Amino acid sequence: MIINYSNDGQEYDKNWLVQEGFSIYEERDFRKRFVKNTQTGGFTDEYEYVLDFVGFLVNKNNDVFTVFPKNYRVVDINKDSSQLFNVISKHIQNRPDMYMGNKYSEKLKTNYPFAAFYGIYDYFVRYGLYFEDKIYIKPNIGGKVNWKETIRLSNKYLSNGKLSFFPIYYEKKYYFSAFLTECMIFAIDYTLEKFGVFIGLNKTDKPFPNIDLFNEKEMVLEKLYTLRQQTFKDSLIELIDHLINFFNELNQGGNFYLKHYSFSSIWEDMVKSYLKSNYYEIRSDKIVFDADKAKYFDFKKVKFQPNLANGDHFFEPDYYYAENDTQLIFDAKYYTRAQGMDYKQIAYFLFLKENREKLNDNPKYRKTYSALILPSDKRKSELHFKMDPLFNKSNQDLVISEEYLDIREVMAFYL
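On a predicted model such as this, the values are computed, not experimentally measured, just so you know.

(A) View of the layout of surface pockets. Taken as a whole, the largest pocket spans an internal volume of roughly 400 Å³. Taken together, 18 residues line the largest pocket, and the ones lying closest to its centre are Gly-9, Arg-33, Thr-336, Arg-337 and Gln-339. Residue assignment for the lining of the largest pocket shows that the elements contributing at least two residues are β2 (30–36) and β3 (43–51). A per-class count over the lining of the largest pocket returns 5 nonpolar, 6 polar and 7 charged. Here the second largest pocket defines a volume of roughly 320 Å³. If you go around the second largest pocket, you meet 16 residues; those closest to its centre are Ile-92, Tyr-104, Phe-114, Ala-115 and Tyr-118. If you list the elements that add at least two residues to the lining of the second largest pocket, you get α3 (77–94), β6 (108–110) and α5 (114–127). Ranked by residue count, the leading element in the lining of the second largest pocket is α3, at 5 residues. Considered class by class, the residues forming the lining of the second largest pocket number 12 nonpolar, 3 polar and 1 charged.

(B) Up close: the side chain of Ser-23. Within the fold, Ser-23 resides in the loop between α1 (14–19) and α2 (26–29). Those residues in contact with Ser-23, other than ones at most four positions away along the chain, are Asp-29, Leu-57, Asn-255, Tyr-257 and Lys-259.

(C) Summary view of the sheet that holds strand β5 (residues 64–68). Here 5 strands make up an open sheet; going across it, the order is β1-β5-β4-β12-β6 and the pairing mixed. Lying at the two open borders of the sheet, with one neighbouring strand each, are β1 (2–7) and β6. The mean angle between the axes of side-by-side strands here comes to 10 degrees, regardless of whether they run parallel or antiparallel.

(D) Summary view of the environment of Ser-376. Looking at the secondary structure, you find Ser-376 in strand β17 (residues 367–376). Taking the relative accessible area as the measure of exposure, Ser-376 reaches 3% and is therefore buried. Measuring from C-alpha to C-alpha, the distance between Ser-376 and Glu-11 comes to 18 Å, with 365 residues separating the pair along the chain. Apart from residues lying up to four places away in sequence, Ser-376 is in contact with Asn-71, Tyr-404, Leu-405, Asp-406 and Ile-407. Of the polar contacts made by the side chain of Ser-376, one reaches the backbone oxygen of Lys-378; its length is 3.2 Å.

(E) Representation of the pairing of β5. Taken across its 5 residues, β5 has 5 buried, putting it largely inside the fold. The alternating pattern of β5 places Val-64, Thr-66 and Phe-68 and Phe-65 and Val-67 on opposite faces, both of which are buried. Sheet topology note: the β1/β5 ladder contains 5 bridges and is parallel. Paired with Ser-6 across the strands is Val-67, a residue of β5. Bridge analysis of strand β4 (residues 54–58) against β5 gives 4 bridges, and the strand direction is antiparallel. When the bridges of β5 are listed, Phe-56 appears paired with Thr-66. In sequence, β4 turns back onto β5 through a hairpin of 5 residues, with Asn-62 there showing a positive phi of about 70 degrees.

(F) View of α3. With 18 residues, α3 ought to run about 26 Å at 1.5 Å a step, and its terminal C-alpha atoms sit 25 Å apart, in line with that. Residues of α3 that are buried include every one of Asp-80, Ser-81, Ser-82, Gln-83, Leu-84, Phe-85, Val-87, Ile-88, Ser-89 and His-91, and no others. Where α3 begins, one side-chain oxygen reaches toward the backbone nitrogen of Asn-78, 3.1 Å away; that side chain belongs to Asp-76.

(G) Highlighting the pairing of strand β12 (residues 256–260). Burial of β12 is extensive: 5 of the 5 residues sit out of reach of the surface. Pairing of β6 with β12 involves 3 bridges; the strand directions are antiparallel. Along β12, the bridge assignment pairs Leu-108 with His-260.

(H) Summary view of the packing of aromatic side chains. Using the criterion set out here, one finds 44 aromatic pairs in the structure. When the centroid spacing of 5.1 Å and the interplanar angle of 70 degrees are considered together, the rings of Phe-304 and Tyr-320 count as edge-to-face. Taken together, the residues Phe-304 in the loop between β14 (286–289) and β15 (319–323) and Tyr-320 in strand β15 connect sequence positions 16 residues apart. These aromatic residues form a ring-pair network of at least three members: Phe-56, Phe-85, Tyr-112, Phe-114, Phe-186, Tyr-190, Phe-195, Phe-198, Phe-208, Phe-246, Phe-247 and Phe-256. Over the face of the ring belonging to Phe-179 we find Lys-223, whose NZ or CZ atom lies 4.7 Å from the ring centre.

(I) Geometry of the pattern of salt bridges. Going through the model one piece at a time under the given rule, you end up with 26 salt bridges. As a salt-bridge pair, Asp-406 and Arg-73 come within 2.7 Å of each other at their nearest N and O atoms. Of this pair, Asp-406 sits in strand β19 (residues 399–406) while Arg-73 sits in the loop between β5 and α3, and the two are 333 residues apart along the sequence. By relative accessible area, which is 33% here, Arg-73 ends up partly exposed. Across the pair Lys-333 and Asp-342 runs a salt bridge whose closest N-O atoms are separated by 3.4 Å.

(J) Main features of the nonpolar core. Leu-224, Leu-243, Phe-246, Phe-247, Trp-267, Tyr-279 and Phe-330 are the most contacted members of the largest nonpolar core, which totals 78 residues. Looking at this core element by element, the count peaks at 11 residues for helix α7 (residues 176–195). Ignoring any residue separated from it by four or fewer positions in sequence, one finds Leu-224 in contact with Phe-179, Leu-180, Cys-183, Ile-240, Leu-243, Ile-244 and Phe-247. Leu-17, Phe-30, Tyr-257 and Tyr-261 belong to the second largest nonpolar core, which has 12 residues in total.

How each quantity is defined
- Residues numbered from 1 in each chain as written.
- Predicted model: local features only at pLDDT ≥ 70, side-chain atom pairs only at ≥ 80, totals over all residues.
- Heavy atoms only, no water.
- 1 Å grid on protein atoms, 1.4 Å probe; cavity = no way out; pocket = protein on both sides within 12 Å on 5 of 7 lines; lining within 4 Å.
- Points joined across faces, edges and corners; volume = space filled by probe spheres on them.
- Helix = DSSP H or I, 4+ residues; strand = E, 2+ residues; numbered from the N terminus.
- Nonpolar A, V, L, I, M, F, W, Y, C, P; charged D, E, K, R; others polar.
- Contact = heavy atoms within 4.5 Å.
- Pairing = 2+ DSSP bridges.
- Axes fitted to C-alpha atoms, helices over the stretch in contact; angles between N-to-C directions.
- Buried < 20%, exposed > 50% of the residue type's maximum accessible area, 1.4 Å probe, protein only.
- Polar contact = N/O pair within 3.5 Å; in protein donor to acceptor, adjacent residues only side chain to side chain.
- Expected span 1.5 Å × (residues − 1).
- Phe/Tyr/Trp six-rings, centres within 6.5 Å; stacked < 30°, edge-to-face > 60°.
- Lys NZ or Arg CZ within 6 Å of the ring centre and 35° of its normal.
- Salt bridge = Lys/Arg side-chain N within 4 Å of Asp/Glu carboxyl O.
- Core = buried A, V, L, I, M, F, W, Y, C linked by side-chain atoms within 4.5 Å.

Structure, rendered in structure tokens:
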């Protein structure tokens, strides 16, 4: 059950989270933010602790605390939590390059084997829970003697008038069905008991295993490794590998978490997807989105190298598109709202406004539009920067808008 929630960047009582049994690491999960002086607009010497991640905390009682992205407007706590979980999962699947090696722990931290769980569940969906028991006939393994294979395969010796066979062949039955089925049921139903409130999958509808797979973890893993050595079917090997990973990584304490420390990277990718299919036009220096009228705009990251002193130097707007006599320069900002002048976006405009193929050519584009795209609880546009001609008359057309998108809508579109 989800008992409470907050947003990334919001102040929250970390002591309450600890008292409720949620796993919190103050140095990483919170950051200090100086408190604003409401009269002067500056900052005081006082500070508050604000959440610094997006994700989920689960205590041993299966209570869930959800941390939504900045400015996310919660309508239905269960459905919204499910949407957030699915967004994080999809981003991991779509951008595995961002979660490899050291990058993984920098961006995402979890003590629950979600990847192994999804592998197990995928097998369950495709093949169900039934496995064939296998009988192996080998020498010196103990069990029931298989005389037919012993007579056929063994060396025969005559000693003192008696015929002897060596080696003796035994048959041993490996009970795949009972053991692997119990492991699958445990992995699937335990996970959905903990996280089913936002993982929209069905349980196995089978009795829960009557063995303590937590306290017998070493025995379970040893048996899984043994079964893997006796298995030659690719799909079954893959399942056993997922089960091994699941039980290896499973924390017995029951306190679990999934924390994304770089939701800005998810925001950037979601906005790109949204822009490509929903951007319509610029009107009065502001972006107009219209999914019904929009054509497909292939916004991309494009590298520009304006430094003759060092050709390796470059800048790269998040979203760039040019067509006919117009170029669009947009940048994603995962802020609650823009703070101060965005010098980088101003520089983009100044660098690219008069970009040309050859020195004596006219500029390639007659009009350059620039915008910052931020998450909000509703769609709105604001003016971020407009050049005062007293400072720069030749670039008095430099206008940057702040485009606030409803982050709930963008996440839904991404899914």
